[in-house]
Protein chains: 2
Amino acid sequence: MTESSARPTRAQQRRRSEERILAEARRIFAELGYDRTTIRAVASAAGVDAGLVMHYFGSKDLLFARAAEVPADELPGGTSEEVAEALLTSLGRRLNDEPTASLAVLRSMLTNADAADRFRAAGEPQLNQLTEAIPTSDANLRASLLSAIVHGVIAERYLLRLTHLADASPEQIIDLLRPCFQSLATPPPTEPAGGQQADDSPTPPASVKPR
Amino acid sequence: MTESSARPTRAQQRRRSEERILAEARRIFAELGYDRTTIRAVASAAGVDAGLVMHYFGSKDLLFARAAEVPADELPGGTSEEVAEALLTSLGRRLNDEPTASLAVLRSMLTNADAADRFRAAGEPQLNQLTEAIPTSDANLRASLLSAIVHGVIAERYLLRLTHLADASPEQIIDLLRPCFQSLATPPPTEPAGGQQADDSPTPPASVKPR
DNA sequence: CCGTTCATTCTACGGCCGTTGACCGGCGCC
DNA sequence: GGCGCCGGTCAACGGCCGTAGAATGAACGG
């Protein structure tokens, strides 16, 4: 017990190496994406040999799977307004502490099928809870749009680092998005509910007259 | 009879081959992204040898540059409401006819620096015009959020093919996003924030030169 | 009709990558 | 204290990729 710092046991040593490899893998996958990340690079960043990475994780795909494990954070249920606010809060959290594992998934999802599946799976519970909370018949489209907004913002802030998005404070972003989220999560304010289908009114809202 | 169909001139032949290569390159780049697209695959899809692709385009990077050339479609100026509506219309167009070249850029932007630059450059004029039309001091953050929403929706619809987004009609998506766009493009409705546009007449001539 | 150009193909090189299997040396159990 | 397990390294293989350059044969200009 007290010797832990003096002489690490073999199991400890192994766990440490695995953790170091995983941490570097997450970092590099998030930075370069799946394809451009090489096992050799991960190994060298972790200070070990590439063979060891193979030995511990089996393959590059499995390494990615382990590195990209991300706990799907669930949304509490409630009214559509509450769920929209919860989604905003969740976004705020992700804008504050930048979870590397989910960035690795995001960075890789466009070029790696496994990452794409992982991305879908990670977003699914949120999507379902959003859908359930939204009282219109097009609830899943609305929920999908909310999800798309969240991911678009995160991607452009952290992966593409568009300056105005990267510089802004999370609070500022959230405050600006709140009306968006409310308008998507709740049916038009004039009318509380009802089987409003996708509107079939033939009149296009061609000219929006600003009062 | 006419020699046009019987025997194509050498220049014609070359132009045809180049076009075929470019078309296949766009398609495959859009489908697989930069890294996973190989010159050999493009060549074989176009029915030519890989060396020919090199000969005509110089390198994989240059081929990508040519395949990813996308005309930046400009937004007309106007009030913030009008510009928001124009952005919606532009989104609708992109949701309708799925321009392969810009999908190639989108698919590759997270793993290829050149594609990322190209993406930034393609979005910049829109971003500027949005920013100019929005009368608040956080205009460029608002404009960036609008841009992020557009790209998030396109990416999840065409690249990740999330079912609810892929199945929805462009009109449906646009109608749901309209309130979002308006709330981002215009300052909070309760307070005009230092007098919005002292002159009630919008910039009289639809000036072709914004500056 | 001949020499040249040029579209196109073929072959090959060098490099990087994922993955493998042999090998080594110290920890840990009996 | 000896021996086996195991963390860890090393060298190598096969494959794919971008790219270069020579070779070929048909179109073209004079």
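Note that this is a predicted model, so its numbers are computed, not measured.

Let us look at the confidence of the model for chain A. A low pLDDT score tells you not to read the predicted coordinates there in detail. All names here are of chain A. Per-residue confidence for chain A averages 87 on the pLDDT scale, and 85% of its residues sit at or above 70. Scored below 50 in pLDDT, residues 1-5 shows two contacts in the model against residues more than four places distant or in partner chains. Predicted confidence for residues 191-211 stays below pLDDT 50, and this span has 15 contacts to residues more than four positions away or in other chains.

In many reports, interface size means the accessible area that the parts give up when they come together. Between chain A and chain B, the contact holds 48 residues from the first and 48 residues from the second. Summing both partners gives a buried area of about 4100 Å² for chain A against chain B, and 69% of it is carried by carbon and sulfur. The largest per-residue losses of area from chain A upon contact with chain B belong to A:Leu110, A:Leu160 and A:Leu176, which jointly make up 17% of the total buried on that side. Joining chain A to chain B, the criterion identifies two salt bridges. A:Arg36 is the partner of B:Asp35 in a salt bridge, and the nearest nitrogen-oxygen pair spans 2.5 Å. In this structure, the connection of chain A to chain B is made through 10 residue pairs in polar contact (both at pLDDT 80 or more). Mapped onto the side of chain A that touches chain B, the elements with two or more residues apiece are helix 1 (10-36), helix 6 (100-108), helix 7 (113-133), helix 8 (139-159), helix 9 (163-167) and helix 10 (170-185) of chain A.

All right, on to the protein's contact with DNA strand C then. Residues in close proximity to DNA strand C total 20 residues, the closest being A:Thr9, A:Arg10, A:Arg40, B:His55 and B:Tyr56. Counting only atoms of DNA strand C within 4 Å of the protein, the fraction found in sugar and phosphate groups is 56%. Between DNA strand C and A:Lys60, the relevant distance is 2.8 Å, taken from a phosphate oxygen to a main-chain nitrogen or oxygen of the residue. For the surface near DNA strand C, the secondary-structure elements that each account for two or more residues are helix 2 (39-46) of chain A together with helix 2 (10-36) and helix 4 (50-57) of chain B.

The next subject is the state of the cysteines. Considering all chains together, one arrives at zero disulfides over all chains under this definition. Lacking any disulfide linkage, A:Cys180 is separated from the closest cysteine sulfur, that of B:Cys180, by 3.5 Å. For B:Cys180, a relative accessible area of 0% corresponds to the buried category.

Turning next to the nonpolar core. One finds A:Leu177, A:Phe181, B:Leu177 and B:Phe181 to be the most contacted residues of the largest nonpolar core, which totals 128 residues. Once you skip the residues sitting within four places of it in the chain, B:Phe181 turns out to touch B:Ala84, B:Leu87, B:Leu88, B:Leu146, B:Ile149 and B:Val150.

On to the relation of the copies chain A and chain B, then. Note on the copies: chain A fits chain B at an RMSD of 0.1 Å, the axial shift is 0.0 Å, and the rotation between them is 180 degrees. Such a combination of turn and shift is consistent with a two-fold rotation axis. Interface overlap between copies is the fraction of interface residues in one copy that are interface residues in the other; for chain A against chain B it reaches 88%, indicating a shared surface.

The next point concerns the protein's contact with DNA strand D. Around DNA strand D sit 19 residues, and of these A:Asp49, A:Tyr56, B:Thr9, B:Arg40 and B:Lys60 come closest. One of the backbone nitrogen or oxygen atoms of B:Thr37 is found 3.5 Å away from a phosphate oxygen of DNA strand D. Within the backbone of B:Ile39, an N or O atom sits 3.1 Å from a phosphate oxygen of DNA strand D. Counting only elements with at least two residues in the surface near DNA strand D, the list comes to helix 1 and helix 3 (50-57) of chain A together with helix 3 (39-46) of chain B. Among the elements that line the surface near DNA strand D, the one with the most residues is helix 1 of chain A, at four residues. Here the surface near DNA strand D is composed, by residue class, of five nonpolar, seven polar and seven charged.

Attention now moves to helix 8 (residues 113-133) of chain B. Spanning 21 residues, helix 8 of chain B covers 30 Å between terminal C-alpha atoms, matching the ideal 30 Å at 1.5 Å per step. The axis of helix 8 of chain B is deflected most strongly, by about 40 degrees, at B:Glu124, and proline B:Pro125 appears within four residues downstream. Contacts from the buried residues of helix 8 of chain B go to helix 8 of chain A together with helix 5 (60-67), helix 6 (80-97), helix 7 (100-108) and helix 9 (139-159) of chain B. For helix 8 of chain B, the N-terminal cap is B:Asn112; the gap from its side-chain oxygen to the backbone nitrogen of B:Asp114 is 3.2 Å.

As recorded in UniProt, the sites labelled "DNA-binding region" (unreviewed entry) are residues 38-57 of chain A. Between the end C-alpha atoms of residues 38-57 of chain A the distance is 14 Å, and the span holds 80% helix and 0% strand.

With that out of the way, let us pick up empty space enclosed by the protein. Applying the stated rule across the entire model yields one cavity of 30 Å³ or more. Here the largest cavity is characterised by a volume of approximately 130 Å³. As for the largest cavity, its lining consists of 15 residues, of which A:Gly152, A:Ala155, B:His151, B:Gly152 and B:Ala155 are closest to the centre. Contributions of two or more residues to the lining of the largest cavity are made by helix 8 of chain A together with helix 9 of chain B. For the lining of the largest cavity, the leading source of residues is helix 8 of chain A, giving five residues. Classifying every residue of the lining of the largest cavity gives nine nonpolar, four polar and two charged.

Conventions we followed
- Residues numbered from 1 in each chain as written.
- Chains lettered and ligands numbered in written order.
- Predicted model: local features only at pLDDT ≥ 70, side-chain atom pairs only at ≥ 80, totals over all residues.
- Heavy atoms only, no water.
- pLDDT = per-residue confidence, 0-100.
- Contact = heavy atoms within 4.5 Å.
- Buried area = accessible area lost by both parts, 1.4 Å probe.
- Salt bridge = Lys/Arg side-chain N within 4 Å of Asp/Glu carboxyl O.
- Polar contact = N/O pair within 3.5 Å; in protein donor to acceptor, adjacent residues only side chain to side chain.
- Helix = DSSP H or I, 4+ residues; strand = E, 2+ residues; numbered from the N terminus.
- Near = heavy atom within 4 Å.
- Disulfide = S-S within 2.5 Å.
- Buried < 20%, exposed > 50% of the residue type's maximum accessible area, 1.4 Å probe, protein only.
- Core = buried A, V, L, I, M, F, W, Y, C linked by side-chain atoms within 4.5 Å.
- Least-squares fit on C-alpha atoms with pLDDT ≥ 70 in both.
- Nonpolar A, V, L, I, M, F, W, Y, C, P; charged D, E, K, R; others polar.
- Expected span 1.5 Å × (residues − 1).
- Bend = angle between axes of the 7 residues up to and from the residue.
- UniProt positions renumbered as here; feature names shortened; annotations may be inferred.
- 1 Å grid on protein atoms, 1.4 Å probe; cavity = no way out; pocket = protein on both sides within 12 Å on 5 of 7 lines; lining within 4 Å.
- Points joined across faces, edges and corners; volume = space filled by probe spheres on them.

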